[in-house]
Amino acid sequence: VSCALARILESKPILESKIAHLKEQVDFLKQKGIVPHLKIILVGNSPASQVYTRNKKIFAEKINALCEIISFQENITKEQFEKEILRQCDDPAVDGVLVQLPLPEHLSSIDLHSLVSASKDVDCFHYSNLGKLLASNDPDKFLPCTPKGILTLCQYYGIDLKGKNVVIIGRSLIVGKPLALLLTQENCTVTLCHSQTKNIREFTQNADIVVVAIGRAKYLDKTFLSPQKKTVLIDVGINAVSEKKICGDIDFEDVLPHCEAITPVPGGVGPLTILSLAENLLISAKKRSLSRDGKI
Ligand code: NAP
């Protein structure tokens, strides 16, 4: 049974509503002599990584923060690379340090969960920040950017989470796993599916909300949905269709008449991930300001 077309949950109005507030916070910090400053470390010249880092820089500058992209040749040695990260983390005028992934193969033995110091880890990769995610009530802790962006989206569009059955497909440490934790804290009942899950449709057909984060173009189609249910679909996937075009993990046109609401790709979760990064940067810059004033 098909019904009225779904609500499209675009990120644009969310960004518009948040940017002015973020700018105000940056300007307030600037008056106190603190300029929020992000350093992005980019290795090699992957076009996708270049686009992602550029978008992060554009957003940081939109809110009047500083963002510098530090680029290295593909063949930088492990020692040089680690030394450079340390140097950036030790700079007292830097609030956030981010390593753009993926890194080249010869750097793959580096432990990304202890590389950037916890206090500047705006991507929330560090063991101690992941631990805080599990066990800390601090409202000013770093949250992983994509899961945090999904919470922002649900809040903005009034998607009630309490008591909802949520199915997340994909169990990465940057999306699926932390999102499962955050949504559990929001009183959802979460099922985390992955490549070894049998009969994923049995889970998705009973879900109120489905999040797909696997990196398979147009994977989820209408056969994953039940005609009896009004499902909210959140598409995290970013898949290159051509040099200039991306698509999500959900077959947007196919599911549109059969769901309650859906995030588009592009223009959905992606920009909210960058918003969260800026929010984490401001958390860090505020801590710098407070510690300089001897308040923490
Ligand atoms: P990832 O590390 O690439 O891992 C993929 C996950 O999907 C794994 O848990 C894997 O299961 C699961 N998976 C793969 N194929 C599957 C299948 N056919 N059925 C069920 N599960 C399957 O994940 P990621 O880094 O989270 O990235 C996922 C996608 O999100 C990518 O397209 C990425 O570009 C995108 N992304 C977007 C944003 C954004 O801001 N919008 C941010 C981050 C990532 P196993 O664990 O069993 O291997």
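Before reading on, note that the structure itself is shown above.
Attention here is on the structure that accompanies the text. (Residues numbered from 1 in each chain as written. Predicted model: local features only at pLDDT ≥ 70, side-chain atom pairs only at ≥ 80, totals over all residues. Heavy atoms only, no water.)

### Some words on the pairing of strand β7 (residues 209–212)
(1) Moving on: On β7, burial covers both faces: I209 and V211 on one face and V210 and V212 on the other are all buried.
(2) Moving on: Sheet analysis places strand β5 (residues 165–169) next to β7, joined by four bridges and oriented parallel. When the bridges of β7 are listed, I168 appears paired with V211.
(3) Moving on: Where β7 and strand β8 (residues 232–235) come together, four bridges link them in parallel fashion. For V210, the partnering residue across the bridge sits in β8 and is L233. (Buried < 20%, exposed > 50% of the residue type's maximum accessible area, 1.4 Å probe, protein only. Helix = DSSP H or I, 4+ residues; strand = E, 2+ residues; numbered from the N terminus. Pairing = 2+ DSSP bridges.)

### Some thoughts on the side chain of N129
(1) Moving on: Topologically, N129 is positioned in helix α4 (residues 127–135).
(2) Moving on: At a separation of 2.7 Å, a polar atom in the side chain of N129 contacts the side chain of D121.
(3) Moving on: With sequence-adjacent residues up to four places away left out, N129 is seen in contact with A118, D121, C124 and F142. (Polar contact = N/O pair within 3.5 Å; in protein donor to acceptor, adjacent residues only side chain to side chain. Contact = heavy atoms within 4.5 Å.)

### Concerning the packing of helix α5 (residues 145–156) against helix α6 (residues 176–185)
(1) Moving on: Packing of α5 against α6 leaves a shortest axis separation of 8 Å and a crossing angle of 40°. The element α5 and its partner α6 pack so that their crossing is right-handed. Touching P147, K148, I150 and L151 of α5 are P178, L179, L182 and L183, all from α6. (Axes fitted to C-alpha atoms, helices over the stretch in contact; angles between N-to-C directions. Left-handed = near helix turned anticlockwise from the far one by under 90°.)

### Quick notes on α6
(1) Moving on: Those residues of α6 lying buried are G176, P178, L179, A180, L182 and L183.
(2) Moving on: Among the structural elements, α4, α5, β5, β6 (189–193) and β7 are those in contact with the buried residues of α6.
(3) Moving on: Phi turns positive, to about 70°, at N187, one or two residues after α6.

### Section: the pattern of salt bridges
Pairs can form between side chains of opposite charge whenever their charged atoms are close.
(1) Moving on: Here the structure, examined in full by the defined rule, presents 10 salt bridges.
(2) Moving on: Measuring nitrogen to oxygen at the nearest pair gives 3.0 Å for the salt bridge that ties K57 to E61. Placement of both K57 and E61 in helix α2 (residues 47–62) is noted, with a separation of four residues, approximately one turn of the helix.
(3) Moving on: Judged by relative accessible area, which is 41%, E61 ranks as partly exposed.
(4) Moving on: E279 serves as the salt-bridge partner of K148, at 3.9 Å between the closest nitrogen and oxygen. Taken together, the residues span a long stretch of sequence, with K148 in helix α5 and E279 in helix α9 (residues 269–292) at a distance of 131 residues. There is no split in this pair, since K148 and E279 are both buried.
(5) Moving on: Three or more residues joined by partner-sharing salt bridges are found here, namely K32, R292 and D293. (Salt bridge = Lys/Arg side-chain N within 4 Å of Asp/Glu carboxyl O.)

Honestly, it's all geometry; don't read function into it.
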